[in-house]
Amino acid sequence: MMKGPRKDHEHHFKEQGGFEVDISMKKESIDDEFTEVPPADEMMVFLSQHIGPEAEPLVKKGDGVKYGEKIAGKEEQDHMMVPVHSPVTGTVQQIKDMPHPISGEKGRVVIIKTEESKKCPFYEPLGPASKQALLDRVREAGVVGLGGASFPTHVKLSEKGIDHLIINAKESDPNLACDVRLMIERPKEMIDGIKIMGKILGTEDITFATRTKEGETPRFEKLLKKSDINIARIRPNYSVGSERLLVKEVLDKEVPSGRFPPYVGAVVHNVATALAVSRAMEGESLVSRGLTLYSKKTGGKNLWVRMGTPIEHILRYLGASPSDFERIALGSIMMGPTVPNTSYPVLKATSGLTAFTSSERYPYKKQLACIRCGYCNTVCPVDIYPQQLMMAAKKGDVKRLKELHIEDCIDCGLCSYVCPSYIKLTPHLRRGQAHVKGDAVEDL
Amino acid sequence: MLEEEKKARPYKVVNPPHVHIGLDKNELMLKTFLLMSIIAYASVMVMGLQALFHILVALGTVLVVYNSVTAYQRWKGVKPTYDSPGSPLVAGMIVGLAMPLESPYLVTVVVAFMTMFVFKYIQGKYLDHKYLNPVATSKSIVLLALYGVATLNVFEGALQGGMLFHPHHYQHNMMGGFADMMGFFESAFVDTIPFFGIEISATQAHFFWQPHGWIGSGMGIVVLVVGSIAVYWLRYKWRIVVSTLGTMTILAIVAALVWQNGDISTADMITMRIAFHVFSGSILFMAFFMATEPQSTPMPEFSQFLFGVGLAVLTFVFQLNGFLGGSIIALVIMNMTTPLLDRIVIKKPYGHRVKSVVD
């Protein structure tokens, strides 16, 4: 068994105001080596797996597809479009609409019948190449940010005037451990990817931001030093995972409201994205990723899963039954949505799956009256006033919402997490943002 | 619905986050109650069974109101306002600890009833939150009503026995005659701590053994320690405590320097002033357990400091004029400023502390 990080790391993350976030799920997963989950008989590949327009399908029912072959995404589509690839060799059975697991809106899905699970890179490895060729390969391989937001990587790498590249290995979500596992198990590929990113951006000032302590990932740290990549040890907390706050933490530069890190000359990429970039250069399309699955029944598991694999298939593979669980959260347990049923597949953005049994009471079921304790504004990492915003959102008071800077909410969920009255403030804040933008306001 | 979805097992769909820190309102109230019980225990040690009866009377009254209203709400098919007796018990304990020892029990019952029924249930039902501190407002109303009665010389005897406010405090000159007043207090305080046999002055009594005044002030030092633990552990609005007690300390020092007494050294005057202005129950207990009541106090951080400073200044002005129980009226006045304080001095969020240069 490959050596894991030291066991003396903290039991909790510490947030503003001294509030603690329990990281026992992470702790239980951190020593589990990656297990590859074989593809399901039927794979369901959503054509919208990134921020930006849905990729146009390039296949039709009955077409044969190969592992890693592009099945959607036309060259002439918007710059933000990212192609989608087949995770298996097989036949397209159907293309249809289905509610998207994240947006809830209808999205197109390509159903592929798996005929062969063998993996063989679809593209030729890319040798020494120009920045543009590297960038084109990143896009062609369908690489998007794997930290959860799934922003097109080629767009971020196209930024000009970048002085700093920050690799976000903070993995601040309390239920995820897959990034640290990747650092332990695939250090060389990750560092190759980081270097390629630096090359494309034209910067040698690269900082690897991690919450791990010195010596927890020795091989990886040795390679970082050898590659002249700085290590920034970030204090162990949840909120600094946000890229805007990470820039402040690492560079002591504040990204102005409404702007993004490139505005202060920085680009932030997730560490798993660096691995995807490296694999893209080897000819691998982004059709699989590492994720952490946690449930009381299975414990913490780090899995290597192909996009399009239905969640029920993963559960069965682990010896659990989909009926063992009452709700399943995608990605972060602080920010991720739940899936409505077991048929939903893993997407590029799925960094984790957390399955809760019916005996694990949903904490926000019984909402109490607000007592104005101020816990929410104490813990808020961007220093806004969630309770005041909630009141303004309820009244539809746009002037007040603007005064209180509703636009700066990063949706981290900490305000709800600490609320002693179990009030879910984030949906109210989203409604407030909709009021300000003049969008339709959802009912709660 | 698609075939796959029809076949698939449905899951519960909920918004994130999917976990909670684990500390809820009821637990918060229970812990507050337990911490205040330590203060109550200390006060009963100092003040005796009369203090215990006040506390029990206050707790009993709020529980009667709570159970009656809850039963009525259930009978009417309405969701009970309180799903546990935690918050009512805390209110009852505060009433008990905020009463002067000599107050008639009937006054304690009236204050506890008003606190629970009028300022917790009715205020909570008709307003979007509680704008006024229930205990402070109830006590202020009773105090002012009795003050009116006192001026008309009705029930004079009962008032002399001590209710919420002591007309005899008016005779003291709290400015130049402060040292004399403390001397007068010597008679109301013990000079030796029972069991230990330690001799103490009126000044020291304010810190350690104070059998006069608010029940919650029996052992000032215990209130200070337990209050500090509560602020840290339960994350009360600490800025209010710090600014109230800090301002009172500064004002006490200033007063000691301005109104000196030739027979007493400046250091002793300062100690005496701090003992009285900071360690009286109406200040110390109030600062920790009443002024931090979350609903009626501001949320922005700087506004909490302003609230505490305002509370201390008003209280000090009342004290200088011989109105020694005036801190609760000061608190009600400051509660009224909370909606305004909520709107001013909002801290700048991340992203607004730098100038965004237009490209």
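Chains are numbered independently. Their residues run from 1 in the order of the written sequence. Chain letters and ligand numbers both follow the written order, the letters beginning at A and the numbers at 1. At least 70 in pLDDT is required for a residue's local features to be given in this predicted model, at least 80 for side-chain atom pairs to be given and counted, and no such filter applies to totals for whole chains, interfaces and linings, which use all residues. Calculated side-chain values reflect all of the structure's heavy atoms, with hydrogen atoms and water omitted.

## Looking at the packing of helix H2 (residues 131-140) of chain A against helix H5 (residues 187-201) of chain A
All names here are of chain A. Look at H2 against H5: their axes get within 9 Å of each other, and the N-to-C directions meet at 125°. In terms of axis orientation, H2 runs oblique to H5. Two packed elements cross with a definite hand, and for H2 against H5 that hand is left-handed. Facing Lys131, Leu134, Leu135 and Val138 of H2, the residues of H5 in contact are Ile196, Lys199 and Ile200. Geometry is summarised by axes, namely lines fitted to C-alpha atoms with helices restricted to the contacting stretch, and by angles between N-to-C directions that run from 0 to 180 degrees. Think of it this way: any DSSP run of H or I at least four residues long counts as a helix, any run of E at least two long counts as a strand, and we number them from the N terminus. Roughly parallel covers angles under 35 degrees, roughly antiparallel covers those over 145, roughly perpendicular covers 65 to 115, and oblique covers all other angles. Crossing handedness: left-handed means the near helix sits turned counterclockwise from the far one by under a right angle, and right-handed means the same turn made clockwise. Residues count as neighbours in contact if any of their non-hydrogen atoms are within 4.5 Å of one another.

## Here we look at the domain arrangement of chain A
All names here are of chain A. Taken as a whole, chain A is organised into domain 1 (9-37 + 287-356), domain 2 (42-116), domain 3 (131-281) and domain 4 (375-437). These domain boundaries are the output of an automatic or database domain assignment. A C-alpha centroid distance of 23 Å is found between domain 1 and domain 2. Counting residues at the interface gives 16 residues for domain 1 and 20 residues for domain 2. Both sides together, the interface formed by domain 1 and domain 2 hides about 1,400 Å², and carbon and sulfur atoms give 67% of it. Accessible-area loss on putting two parts together, using a 1.4 Å probe and summing over both, is the definition of buried area adopted here. In terms of surface lost to domain 2, no three residues of domain 1 exceed Val287, Leu347 and Lys348, which account for 37% of the buried area on that side. For salt bridges, the criterion is a side-chain nitrogen of Lys or Arg within 4 Å of an Asp or Glu carboxyl oxygen. Applying the counting criterion to the domain 1 and domain 2 interface returns 0 salt bridges. Polar contact is defined as a pair of N or O atoms within 3.5 Å, subject to the rule that within protein one atom must be able to donate a hydrogen and the other to accept it, and that residues adjacent in sequence are counted only when both atoms are side-chain atoms. The tally of links from domain 1 across to domain 2 stands at 5 residue pairs in polar contact (both at pLDDT 80 or more).

## Here we look at the side chain of A:Ser343
Mapping A:Ser343 onto the fold places it in the loop between strand S16 (327-330) and strand S17 (352-356). Engagement of the side chain of A:Ser343 in a polar contact is seen with the side chain of A:Asn341, the distance being 2.5 Å.

## Concerning the interface of chain A and chain B
The interface is formed by 83 residues belonging to chain A together with 51 residues belonging to chain B. In total, about 5,900 Å² of surface goes out of reach between chain A and chain B, with carbon and sulfur atoms giving 54% of it. A per-residue breakdown of the area chain A buries against chain B is headed by A:Glu254, A:Arg372 and A:Tyr385, which together make up 14% of the total. Where chain A meets chain B, there are 7 salt bridges. Residue B:Arg353 pairs with A:Glu254 through a salt bridge whose shortest N-O separation is 4.0 Å. Only strand S8 (89-99), helix H7 (243-251), S16, helix H10 (375-379), helix H11 (386-395), helix H12 (398-403), helix H13 (414-418) and helix H14 (425-437) of chain A provide two or more residues apiece to the side of chain A that touches chain B. Looking at the side of chain A that touches chain B residue by residue, the classes come out as 41 nonpolar, 20 polar and 22 charged. Any residue outside Ala, Val, Leu, Ile, Met, Phe, Trp, Tyr, Cys, Pro, Asp, Glu, Lys and Arg is labelled polar, Gly included; the first ten of those are nonpolar and the last four are charged.

## Quick notes on the pairing of strand S4 (residues 42-46) of chain A
Residue and element names in this part refer to chain A. Partly exposed residues are those whose accessible area sits between 20% and 50% of the maximum for their type, while under 20% is buried and over 50% is exposed, using a 1.4 Å probe and protein chains only. The buried fraction of S4 is high, at 4 of 5 residues. For two strands to count as paired, DSSP must find a minimum of two bridges between them. Alignment of S4 against strand S9 (residues 106-116), held across 5 bridges, turns out to be antiparallel. If you follow glutamate 42 over to S9, its bridge partner there is lysine 113.

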